[in-house]
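Overview (structure and organization)
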Amino acid sequence: MSEPAVRKPAVRASTTPRKLTTPKSPDVAPLTRLAEQTLAENANDETTRPYATRDALVAVDSEQPPATPVTPLPEPTIEPVPQETPKATAPRTISLPAVTAVNSKAAKSAKEPAVVEAPTVLVARGLVKRFGHNVAVSDLDLTVRAGSFYGIVGPNGAGKTTTLSMITGLLRPTAGNVTVHGIDVWARPNEAKRVMGVLPDRLRLFDRLTGAQLLYYAGTLRGLDNDTVRSRSADLAVAFGLEDALNRLVADYSAGMTKKIALACAMIHSPRVLVLDEPFESVDPVSAVNVTEILQKYVAAGGTVVLSSHGMDLIQRVCDHVAIIVQGRVLAAGTIDEVRGPKSLEDRFVELAGGRKVAEGMEWLHNFSD
Ligand SMILES: Nc1ncnc2c1ncn2[C@@H]1O[C@H](COP(=O)(O)OP(=O)(O)OP(=O)(O)O)[C@@H](O)[C@H]1O
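In short, a report on the structure. The model shown is predicted, which means the values in this text are computed figures rather than measured ones.

Parameters at a glance
Residues numbered from 1 in each chain as written. Predicted model: local features only at pLDDT ≥ 70, side-chain atom pairs only at ≥ 80, totals over all residues. Heavy atoms only, no water. Helix = DSSP H or I, 4+ residues; strand = E, 2+ residues; numbered from the N terminus. Contact = heavy atoms within 4.5 Å. Pairing = 2+ DSSP bridges. Axes fitted to C-alpha atoms, helices over the stretch in contact; angles between N-to-C directions. Near = heavy atom within 4 Å. Polar contact = N/O pair within 3.5 Å; in protein donor to acceptor, adjacent residues only side chain to side chain. Areas by Shrake-Rupley, 256 points an atom, 1.4 Å probe, with all protein chains shown as cover. Nonpolar A, V, L, I, M, F, W, Y, C, P; charged D, E, K, R; others polar. Buried < 20%, exposed > 50% of the residue type's maximum accessible area, 1.4 Å probe, protein only. Salt bridge = Lys/Arg side-chain N within 4 Å of Asp/Glu carboxyl O.

What follows covers the overall build of the protein. Regarding its fold elements, the protein presents 12 helices and 10 strands. Sequence-distant contacts in the protein: of pairs separated by 6 or more residues, those separated by 24 or more amount to 73%.

Structure representation (structure tokens):
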């Protein structure tokens, strides 16, 4: 079968694969190695294979298949992707509120110029989504650059999930267009989906499979061979703390475990872009730290993460860029420091989202019924 071709954009890893320091947590070491190796390998691979298919990433005990035997799925047919120069898309400047003071952390500021210089990997222009009379997303623009850790925040019902669903080819826009790595998501959805790993909101998994089977299914669907799927599944299980759960049905997983196995499925083919809708929802603090570290190293190796979250502290700490969406529109976008100005991101968010509401007329709640 001929290998599909996807044009490799210039990302930081393509020139000088960055050497990562030994991770603090031994749990994420295998995945760190995986991300580093596969991204560097992809970047240097001029035959432009969409997924890294290393023969032996990490030593795997082939004597330890998933407890429930898995019938290998037939090799999926993957359409060749024509070599194509991505359209030079001039990023539209989203007007930012005047920033009078910047309270930047040295480390964050140091990496921002590199991100700003990087090529665009995700461009959304004029996105609109109407559900009947309800306009969920209204003329929304978004530009994400390679190697960026991009946060999307907004109040409930702001249109974050709707936006991410349109970006990832899961929900057809009423108007507008999206390109990922120069590929028009809605004109060439199969090609666009190959370069993305997606964690949708309220994802319905095939939960009558075990975790191992689900990972196997995800990896095989993405065109990985048996050995690679097994080795990566083992790495991902360790990284997400799911080793002991791999042989249990996903239906019996807790909410956080389900989120983590879905996240693992999104990452197994080492995509260039990860689009994650509320990846930390229900995830315990220790796992959240591990997941964050994995994503940070993925970004450091040249990957791009776009995630939505209600965790302002997390976004401020982890992301280099943020967009605040309110009522389906981007009200502010840019580096974290540009958007928040002299305030905390949370205060800026609350201000843009309409301010805090003072709860009045709730005296009945203080007169207990018993
Ligand atoms: N399938 C649908 N049919 C009708 N309306 C929808 C549908 N999906 C979303 N909406 C509406 O679109 C708007 C945006 O919803 P969306 O789920 O994108 O918000 P969100 O920012 O992700 O919210 P949250 O933070 O609560 O997850 C809401 O008014 C919602 O009711």
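Next comes the rest of the description.
Before going further, it helps to spend a moment on the sheet that holds strand β1 (residues 120–131). Ordered by their spatial adjacency, four strands build an open sheet running β2-β1-β4-β5, and the pairing between neighbours is antiparallel. A single partner strand is all that each edge strand has here, and the edge strands are β2 (134–145) and β5 (183–184). Examined bridge by bridge, β1 and strand β4 (residues 175–180) share five bridges and lie antiparallel to one another. Paired with Val123 across the strands is Thr179, a residue of β4. Against the sheet, helix α4 (residues 160–167) engages β1, β2 and β4, with an angle of about 120 degrees to β1.

Moving on to the site of the ligand. Neighbouring the ligand are 13 residues; Asn156, Gly157, Lys160, Thr162 and His310 lie closest to it. Note that an oxygen atom of the ligand is positioned 2.8 Å from one of the backbone N or O atoms of Gly157. A distance of 2.9 Å separates an oxygen atom of the ligand from a polar side-chain atom of Thr161. When isolated, the ligand has an accessible area of 630 Å², and the protein chains bury 62% of it. Of all the elements in the fold, those that place two or more residues in the shell around the ligand are β2 and α4. Its residues assigned to classes, the shell around the ligand shows four nonpolar, seven polar and two charged.

Before going further, it helps to examine the pairing of strand β3 (residues 149–153). Counting buried positions along β3 yields five of five residues, so the element is predominantly enclosed. On β3, burial covers both faces: Phe149, Gly151 and Val153 on one face and Tyr150 and Ile152 on the other are all buried. Here β3 pairs with strand β8 (residues 304–308) via four bridges, running parallel. Bridge pairing links Gly151 to Leu307 in β8. Here four bridges tie β3 to strand β9 (residues 321–326), and the two strands are oriented parallel to one another. Within β9, the residue paired with Val153 across the bridge is Ile324.

So, on to the sheet that holds β8. One open sheet holds the six strands; their spatial order is β6-β7-β8-β3-β9-β10, and the pairing between them is mixed. Whereas interior strands pair on both sides, the edge strands pair on one side only; in this sheet they are β6 (196–199) and β10 (329–335). Pairwise comparison of adjacent strand axes, ignoring direction, gives a mean angle of 15 degrees for this sheet. Against the sheet, helix α12 (residues 345–352) engages β3, β9 and β10, with an angle of about 25 degrees to β9.

Let us now look at helix α6 (residues 211–221). Helical periodicity: at 3.6 residues per turn, an α-helix aligns residues three or four positions apart in one direction. The buried count for α6 comes to nine of 11 residues, which makes it a mostly enclosed element. The complete set of buried residues in α6 reads Gly211, Ala212, Gln213, Leu214, Leu215, Tyr216, Ala218, Gly219 and Thr220. Those residues of α6 that are buried lie in contact with α7 (226–239) and α8 (255–267). Of the residues one or two after α6, Gly223 is the one with positive phi, at around 90 degrees.

Under the counting rule described, the total for this entry stands at six salt bridges. Close ionic contact of Arg340 with Asp337 constitutes a salt bridge, the shortest N to O distance being 3.2 Å. Of the two residues, Arg340 and Asp337 are both situated in helix α11 (residues 336–340); the distance of three residues between them amounts to about one turn of the helix. Like Asp337, Arg340 is buried. A single salt-bridge network, built from bridges that share partners, covers Lys343, Arg348 and Glu351.

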